[in-house]
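# Breakdown of the fold
Single-letter residue listing:
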Amino acid sequence: MKRCLLCCLFLGLSLSCKEETPAKITIVDKTFFQKEVVGKKVQLVDVRTQEEYESGHIDDALNFNIIDKKTFLEQIEGLDKEEPVYLYCRMGGRSNRAAELMKKKGFTQIFDYSGGYKDWVTE
């Protein structure tokens, strides 16, 4: 009887444990963005200021300004943490900061365009 209870307890615990996907930040380039992001239905986030965003942005990116950290953290709550998120800023610094914050908040697939908008607009 003890053995049966222990087996049931072990089985119940092992079934209730959800395997978590480790969070991963992947640095990507312009070619990756052109092939995998632009024109696709993805979570694309421009982390620059509103003024920078209004002067030009990639595809239909959302604008979540990382400089306003409190608002940024509120805005990312509207995204799906299990789906890939693609980030960019001007040159890669702010998007890296955003990626680290998102990783801490439970996002599992984060793609950071290291060249940023500056690279995007150059030929």
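What comes next concerns the included structure.

What counts and how
- The numbering scheme is per chain: residues are counted from 1 as the chain's sequence reads.
- Owing to the predicted nature of the model, reporting of local features is limited to residues with pLDDT of at least 70; listing and counting of side-chain atom pairs is limited to 80 or more, with chain, interface and lining totals taken over all residues.
- Here the side-chain values reflect all heavy atoms present in the structure, with hydrogen atoms and water set aside.
- Helix numbers and strand numbers start at the N terminus; a helix is a DSSP run of H or I with at least 4 residues, a strand a run of E with at least 2.
- The cut-offs for exposure are 20% and 50% of the maximum accessible area for each residue type, with area from a 1.4 Å probe on protein chains only; residues under the lower value are buried, those over the upper are exposed, and the others partly exposed.
- Any two residues whose heavy atoms approach within 4.5 Å are treated as being in contact.
- Throughout, the Shrake-Rupley method with a 1.4 Å probe supplies accessible areas, and for residues the shown protein chains are the sole cover considered.
- Each reported salt bridge corresponds to a side-chain nitrogen of Lys or Arg within 4 Å of a carboxyl oxygen of Asp or Glu.

On to the overall build of the protein chain. The secondary structure content of the protein chain amounts to 6 helices and 5 strands. Starting at the N terminus and walking to the C terminus, you meet the elements of the protein chain as α-β-α-β-α-β-α-β-α-β-α. Counting all 123 residues of the protein chain, 34% fall into the buried class. If you take every contact in the protein chain between residues at least 6 apart in sequence, the share linking residues at least 24 apart comes to 64%. With the model as given, the accessible surface of the protein chain reaches about 8,100 Å², and the carbon-plus-sulfur share is 56%.

Attention now goes to the environment of Tyr 53. Along the chain, Tyr 53 turns up in helix H3 (residues 50-54). Sequence separation of Tyr 53 and Cys 89 is 36 residues, and the distance between their C-alpha atoms is 9.2 Å.

On to the pattern of salt bridges. Tallied over the full model, the rule gives 4 salt bridges. The salt bridge partner of Arg 94 is Glu 52, with a shortest N-O separation of 2.8 Å. Taken together, the residues span a long stretch of sequence, with Arg 94 in helix H5 (residues 93-104) and Glu 52 in helix H3 at a distance of 42 residues. Look at Arg 94 and you get buried, because its relative accessible area is 14%. Here Lys 81 makes a salt bridge to Glu 77, at a shortest N to O gap of 3.9 Å.

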